[in-house]
Amino acid sequence: MIRRWCGDLALGVRLALGGGGARTALVRLALTAAGVGLGVAVLLTAASVPHLLGARDDRAAARTAIEDGPPVAGVDPVHVVERTDEFRGRGLQGYLVQQTGPHAPALPGVERLPEMGEAVLSPALADLLASPEGEQLRPRFPQWVIGTIGEAGLTGPNELYFYVGSTTAAAQPNAAAVSRFGGEPVHRGLTALELLLVVLGATTCLVPVFVFVVTSTRLAAASRDRCLAALRLVGADRGQVGRIAAGEALLGSFAGLVVGAALFLLVRALVPMITVSAFRGGIFGGDVVPDWRLGVPAVVLLPVLACLAALFALRRVVIEPLGVVRRGGQVKRTLWWRLLPAVVGGVLLAARWETAAADAGDTAVITGVVLILMAVPLVLPWLVERIAARLRGGSPAWLLAVRRLQLDGASAARLVSGIAVVLAGSIALQGVYARAESDQPGPADTRVLASNFASNLTEVQAFTAALHDLPGARDAPVKTGGRLVDAAGAETTLEFGTCAELRAKGAPGDCRDGDVFAVGTPAPDAHHPAPGDRLWFLGARRADPDVPPQWTIPVDRFRTVPGHPAGLLVTPAAMSTATAVGLTSTATIPAADPDLVEQVRNAVGQLGWNGIVYSLGTERDGTFALIARVLSVGSILVLLLAAGSLMIAAWEQLRERRRSLAALMANGVGRGVLARSLLWQMVIPVAVAVVVAVAAGLGLDWLLLTLVVHRTMVVDVSTILVLTATAAIAVLGVTAVTLPALWRSTSLENLREE
């Protein structure tokens, strides 16, 4: 029995290579391989996401400074300050480093840590600085570049990352002494809406892939059916015919695996070229590695699915020798079982009504979404046939199209089912996205917050002068302060400025330059300032406990005044006796002009990367931005996949119908009529698919938001119109691409018999 089954499968393979004419068989094999190959490529790419994210997180953790770790024998600690910046919407980050000896801790991807006046940059940052686009960025990096960061020290090939040598890093307030780099990856948990976005987006992208795989195994079905009917004529029973058909589909599936693997390798080669900022520095091709726990089942499932689809398609095809259903009477389709998945999916989602929104990604929700989306391609054939049966009258092109749909409306519905699933999922996805977008913090007034650490009073003045030289920041107030510590370790805050600036903090009206004021009563464990106290700035004492006191409170110009909060108010002349300072200056600048943001960053960057600039009111959560961008790109790719499947299937139908089209041409039907007929044959099913997709998308959106994450639903009409227009453009594009094939199919040479 096993030998007989293997023989039937082998015969199916031979028919796939040469049955019904070598050219026809090879075309059929190529179409099936293309369909399965696209599905394999998408699934392998999707199965690579866990490894991709894990590899990025591991490399990001490997370069993280371990601030609280114990000293490492033989390693000289390095003082580091993390810096996060931005340039034209792209993230820019790195470390200021100050070495304490020749044996610095190892950093992944870096051969040698930079000294003062040196820098190590990522390849993308070095290329950007060398290009005309990086002209505004160059003032921030006047250092000598001694090398580039290797792949082990970057999350992606396009990441803008740096290490800059410094002599003041140790004294800065947020500095840390580090003896080693490398920690555990940190993952921010997803909110319920973000998790729902991931679930819905992945389902929307993957369901059309399976629909396309099933459709691709039924391409060129007419020529295959004739071969199978001929086998019945020479004595093959229905079981043998099914195994032969399965063998043919199996060969197409294996060819599709090869095609899919090649496309997947092409994806790996192309992904490093992605420069979108939301992808956080891009993706290394080596990170795109399928998880075998996901990839192997997916790869095994596709050939099995293709064989089952081929067997299912034959359930009513071969009835008698040389008798094919498409030449016989139509079978009336039933509706109840086609609606069953949608009903079951709705029940599963409704069951989450009493469940917390944090469980939005559990198995019941995922299964419910899959079932509702899978109901779309099941309902479409029934609905297209019912609508086509009621269409009457019209132009010759309309009549030809309607008659064709009446004879085989199910095939036309299957062609557009992928687009319908993508459209339904995209509508639901956009609804959830809009809801999640509204949950993000609302935009505040756009402004720039600039800060800079100064180790002497000259640097304080340089920061103020650099900001006030900018056209949009001449009147921006600059606040300067720091923290002082006494010999016992008790701390106090310090506010530094002119008398005019300090009066707003509690300085009396008779303030003169050189005065020092102790405001309020400090806490019991804080330093209580007194004339003659010898103090250190906190960062300097932390960096070097043996450093001598840096400042002594003047004896003759010290006064105590009431106020809150407690601290010291110091005028510039009173600080002139300090051997060194550790002061941080900050300024808030309204930034109506985007160029001003870059100008402020350059002004602060030229002071030695001792400061940082934030653009407030425009910041977005990185995880949410990444999810939104990935899903948008995925939806576009799947829509292109659906349009590609529609185009392949349209080409196959034209090839199958070339004799009838040539006969119509010979009888006086113009090519323009045939072209318009082809357009109507796509427009009618697509119109039905759009209606079904909009209804399914809105219904799924309501179920997910209302029953799963407990949010109100808002219908975005403009988004629905855009998505519908996209589907219409896809149909017009496919029609335009298939016109050359139509001209070839109407050639009178197709009527010739050998």
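Residues numbered from 1 in each chain as written. Predicted model: local features only at pLDDT ≥ 70, side-chain atom pairs only at ≥ 80, totals over all residues. Heavy atoms only, no water.

## Thoughts on the overall build of the chain
As a reminder, the rule being used: Comment: elements are numbered from the N terminus, with helices defined as DSSP H or I runs of at least four residues and strands as E runs of at least two. Note on exposure labels: buried denotes an accessible area under 20% of the residue type's maximum, exposed denotes more than 50%, and partly exposed covers the range between, all computed with a 1.4 Å probe on protein chains only. Every residue pair with non-hydrogen atoms within 4.5 Å of one another is taken to be in contact. Shrake-Rupley sampling with a 1.4 Å probe provides the accessible areas, and residues are treated as covered by the protein chains on show and by no other component.
For the chain, the helix and strand inventory stands at 20 helices and 18 strands. Expressed as a percentage of its 754 residues, the buried residues of the chain come to 49%. Put simply, 82% of the contacts in the chain that link residues at least 6 apart link residues at least 24 apart. If you sum the accessible surface of the chain, you get close to 34,600 Å²; carbon and sulfur atoms cover 63% of it.

## A closer look at the sheet that holds strand S2 (residues 90–99)
The following threshold applies: For two strands to be treated as a pair, DSSP must find at least two bridges joining them. Fitting a line to C-alpha atoms yields each axis, with helices limited to the stretch in contact; the angle taken between N-to-C directions then spans 0 to 180 degrees.
Read across the open sheet, the 6 strands follow the order S4-S3-S5-S2-S1-S6; overall the sheet is mixed. Edge positions in the sheet fall to strand S4 (144–148) and strand S6 (176–178), since each has one partner strand and no second. The mean angle between the axes of side-by-side strands here comes to 30 degrees, regardless of whether they run parallel or antiparallel. Bridge analysis of strand S1 (residues 78–87) against S6 gives 3 bridges, and the strand direction is antiparallel. What sits directly across from Val-80, in S6, is Ala-176.

## Focus: the pattern of salt bridges
Test applied: The term salt bridge refers to a pairing of a side-chain nitrogen on Lys or Arg with a carboxyl oxygen on Asp or Glu at a separation within 4 Å.
Under the criterion given, the structure shown has 7 salt bridges. The closest approach of N and O atoms between Asp-287 and Arg-59, which form a salt bridge, is 2.5 Å. One end of the pair, Asp-287, is in the loop between helix H7 (238–270) and helix H8 (292–313); the other, Arg-59, is in helix H3 (residues 49–62), and 228 residues separate them in sequence. Looking at Asp-287, the relative accessible area reads 4%, which means it is buried.

## Re the state of the cysteines
Basically, it comes down to this: In this description, a disulfide is simply a cysteine sulfur pair whose atoms lie within 2.5 Å.
Taken as a whole and assessed by the stated rule, the structure comprises 1 disulfide. Between the sulfur atoms of Cys-499 and its disulfide partner Cys-511 the distance amounts to 2.1 Å. Between Cys-499 and Cys-511 the sulfur-sulfur dihedral comes to about -70 degrees; the bridge is accordingly left-handed. Note that Cys-499 is positioned in helix H13 (residues 499–502) and Cys-511 in the loop between H13 and strand S12 (516–519), a separation of 12 residues in sequence. What makes Cys-499 buried here is its relative accessible area of 12%.

## Comments concerning the packing of aromatic side chains
What counts, and what does not: Centres within 6.5 Å are what make two rings of Phe, Tyr or Trp a pair, Trp counting through its six-membered ring; a difference in plane orientation under 30 degrees is then read as stacked, over 60 as edge-to-face, and the rest as tilted. A positively charged side chain is recorded as over a ring if its NZ (Lys) or CZ (Arg) lies within 6 Å of the ring centre. The angle to the ring normal must also be within 35 degrees.
Inspection of every chain in the model, using the stated rule, returns 5 aromatic pairs. Judged by centre distance (5.4 Å) and plane angle (75 degrees), the ring pair of Phe-141 and Phe-162 falls under edge-to-face. Linking Phe-141 in the loop between helix H4 (123–130) and S4 with Phe-162 in strand S5 (residues 160–165), this pair joins segments that are 21 residues apart in sequence. Its relative accessible area of 9% is what places Phe-141 among the buried residues. Ring geometry for Tyr-161 versus Tyr-163: centroids 5.5 Å apart, planes at 70 degrees, classification edge-to-face. Here the two residues Tyr-161 and Tyr-163 agree in accessibility, since each one is buried. Positioned over the ring face of Tyr-161 is Arg-63, at 3.8 Å from the centre of the ring.

## Side note on the nonpolar core
Heads up, the condition is: We call a set of buried Ala, Val, Leu, Ile, Met, Phe, Trp, Tyr and Cys residues a nonpolar core when their side-chain atoms join them within 4.5 Å.
If you look at the biggest cluster of nonpolar residues, it comprises 49 residues, and the most contacted ones within it are Leu-349, Val-376, Leu-380, Leu-700 and Leu-704. At the level of elements, helix H10 (363–389), helix H11 (396–439), helix H17 (622–656), helix H19 (671–708) and helix H20 (717–745) are the ones that each hand at least two residues to this core. Apart from the residues within four sequence positions on either side, Val-376 is in contact with Ala-420, Val-421, Ala-424, Val-692 and Ala-696. Among the nonpolar cores identified, the runner-up in size contains 19 residues, and Ala-454, Leu-494, Leu-568 and Ala-574 belong to it.

## Here's the deal with a nonpolar patch on the surface
Worth spelling out the cut-off: The patch calculation keeps residues exceeding 30% relative accessible area without a salt bridge and links them within 9 Å when they carry like charges or within 5 Å when they are nonpolar (Val, Leu, Ile, Met, Phe, Trp, Tyr).
There is a patch of nonpolar side chains on the surface, built from Trp-292, Val-296, Val-300, Val-304, Leu-308 and Leu-311 and spanning about 590 Å² of accessible area. Within the fold, Trp-292 resides in helix H8.

## Describing the confidence of the model for the chain
The test is simple: Across the chain, each position has a pLDDT score giving the predictor's confidence in that residue, from 0 to 100.
When the pLDDT values of the chain are averaged, the result is 78; 77% of them are 70 or greater. Within the chain, strand S7 (residues 318–320) has the poorest average pLDDT of any element, 47, and strand S3 (residues 118–121) the best, 93. Considering only residues more than four positions removed or in separate chains, one finds that residues 323–329, a stretch of pLDDT under 50, has 12 contacts. Confidence over residues 356–360 falls short of pLDDT 50; this stretch has 14 contacts with residues more than four positions distant or in other chains.

## As for the pairing of S3
Along any regular strand, the residues point their side chains to alternate faces of the sheet. Defined as follows: When the strands point away from the viewer, a crossover counts as right-handed if the path from the first strand over the helix to the second runs clockwise.
The side-chain alternation of S3 yields two buried faces, one formed by Glu-118 and Val-120 and the other by Ala-119 and Leu-121. A crossover connection joins S3 to the parallel S4 through H4; in handedness this β-α-β unit is right-handed. Note that S3 and S5 share 3 bridges and pair antiparallel. By the bridge assignment, Ala-119 is partnered in S5 with Val-164.

## Quick word on H20
What counts, and what does not: Multiplying 1.5 Å by the helix residue count minus one yields the expected span of that helix. Fitting one axis to the seven residues ending at a residue and another to the seven starting there, the bend at that residue is the angle between the two axes.
If you check H20, its first and last C-alpha atoms are 41 Å apart, about what 29 residues at 1.5 Å a residue would give, namely 42 Å. The largest bend in H20 comes to about 40 degrees, at Leu-739, with the proline Pro-740 one to four residues further on. When we look at burial in H20, the residues that qualify are Thr-719, Ile-720, Leu-723, Ala-727, Ala-730, Val-731, Val-734, Thr-735, Thr-738, Ala-741, Leu-742 and Ser-745.

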